[in-house]
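Okay, here's what each chain looks like letter by letter:
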Amino acid sequence: GQQLNQSPQSMFIQEGEDVSMNCTSSSIFNTWLWYKQDPGEGPVLLIALYKAGELTSNGRLTAQFGITRKDSFLNISASIPSDVGIYFCAGQLGETSGSRLTFGEGTQLTVNP
Amino acid sequence: NAGVTQTPKFQVLKTGQSMTLQCAQDMNHNSMYWYRQDPGMGLRLIYYSASEGTTDKGEVPNGYNVSRLNKREFSLRLESAAPSQTSVYFCASSVILAQPAYEQYFGPGTRLTVT
């Protein structure tokens, strides 16, 4: 089946630093999604990407859909303590509602004040 | 508008016991999903329902059954719980979009321990 490799697995940064994480796949995806999960909660959607090459921002977050459609990255600028959590990438292959998502293993982000 | 709700929030079972995890969404979504999350393994799809009246196996369906009761509700049943089913279970639903893409929205999770 499809696999997503997400890196790094964990990051420890100082408040105010920028963060970058990425996902790569052996398969082509039509959609890339980035989620954040706070401790004890379900994942929350941050950014959705629908076209190869697309660059989308949501506040301090920026994500890009790779040209090859096999990768995506997420950047967080000027990190703050509430950015702490696990960040997941997810890829979708199909084009109809109900098509399955494949998730990366997550990047655990720790921000030191 | 509560989004996706799940009950119970926590559950402890003995090996061999059965239980049903409940999920409901109030966003009028067509598709619903059940995932399990284990440390270091991300989210793995157990079953999904593309629309009311249909269900399909995901990546790890063994030991589980599902029922799409109506458009709002999608339940997950463990007939004979095993310690390997200790996990956090998330229900999700997907919004209908005009373009050929969709987004999934998750519930808060059920933390299940099987002893």
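Up top you'll find the structure we're talking about.
Sequence positions are assigned chain by chain, starting from 1 and proceeding in written order. The order in which chains are written sets their letters, starting at A; the order in which ligands are written sets their numbers, starting at 1. Residue-level local features of this predicted model are given only where pLDDT is at least 70; pairs of side-chain atoms are given and counted only at 80 or more, and the full residue set underlies all totals for whole chains, interfaces and linings. Side-chain figures throughout are based on the complete set of non-hydrogen atoms in the structure, without hydrogens or water.

### Quick notes on the interface of chain A and chain B
We call two residues in contact whenever any of their non-hydrogen atoms come within 4.5 Å of each other. If you look at the interface, chain A gives 22 residues, while chain B gives 30 residues. For any pair of parts, buried area is found by adding up, for both, the accessible area (1.4 Å probe) each one loses once the two are put together. Taken over both partners, the interface formed by chain A and chain B buries close to 2000 Å², and the fraction arising from carbon and sulfur atoms is 54%. The salt bridge criterion pairs a side-chain nitrogen of Lys or Arg with a carboxyl oxygen of Asp or Glu, the two atoms within 4 Å. Applying the counting criterion to the chain A and chain B interface returns 0 salt bridges. The set of elements that each furnish at least two residues to the side of chain A that touches chain B consists of β4 (31-37), β5 (44-49), β9 (85-92) and β10 (101-103) of chain A. Only DSSP runs of H or I with at least four residues qualify as helices, and only runs of E with at least two residues qualify as strands; both kinds are numbered from the N terminus onward. The greatest single-element share of the side of chain A that touches chain B, amounting to 4 residues, is contributed by β4(A). Classification convention: Asp, Glu, Lys, Arg as charged; Ala, Val, Leu, Ile, Met, Phe, Trp, Tyr, Cys, Pro as nonpolar; all other residues, Gly among them, as polar. Looking at the side of chain A that touches chain B, its residues break down into 9 nonpolar, 9 polar and 4 charged.

### What to know about the packing of aromatic side chains
Aromatic ring pairs are described here by two measures, namely the spacing of the ring centres and the angle between the planes. Only Phe, Tyr and Trp rings take part, Trp by its six-membered ring, and two of them pair if their centres are within 6.5 Å. Stacked means planes under 30 degrees apart, edge-to-face means over 60, and tilted covers everything else. Counted under the stated rule, the structure contains 10 aromatic pairs over all chains. Arranged with centres 5.9 Å apart and planes meeting at 65°, the rings of Tyr64(B) and Tyr89(B) form a pair that is edge-to-face. Taken together, the positions of Tyr64(B) in strand β7 (residues 64-68) and Tyr89(B) in strand β9 (residues 87-94) put the pair 25 residues apart, joining distant regions of the chain. The burial state of Tyr64(B) is the same as that of Tyr89(B); both residues are buried. Feature note: the residues Tyr35(A), Phe103(A), Tyr33(B), Tyr35(B), Tyr48(B), Phe90(B) and Phe106(B) constitute an aromatic cluster, connected by ring pairs. To sort residues, take the accessible area from a 1.4 Å probe on protein chains only and compare it with the maximum for the residue type: under 20% means buried, over 50% means exposed, and anything in between is partly exposed.

### As for the sheet that holds strand β8 (residues 74-78) of chain B
All names here are of chain B. Strand order in the open sheet made by the 4 strands is β1-β3-β8-β7, with antiparallel pairing throughout. The sheet is open, and its two edges are formed by β1 (4-7) and β7, each paired on a single side. The mean angle between the axes of side-by-side strands here comes to 20°, regardless of whether they run parallel or antiparallel. Pairing between two strands requires that DSSP report at least two bridges joining them. Examined bridge by bridge, β7 and β8 share 5 bridges and lie antiparallel to one another. Residue pairing in the sheet places Val66 in a bridge with Leu76 of β8. Working convention: axes come from line fits to C-alpha atoms, limited for helices to the stretch in contact. Angles between N-to-C directions cover 0 to 180 degrees.

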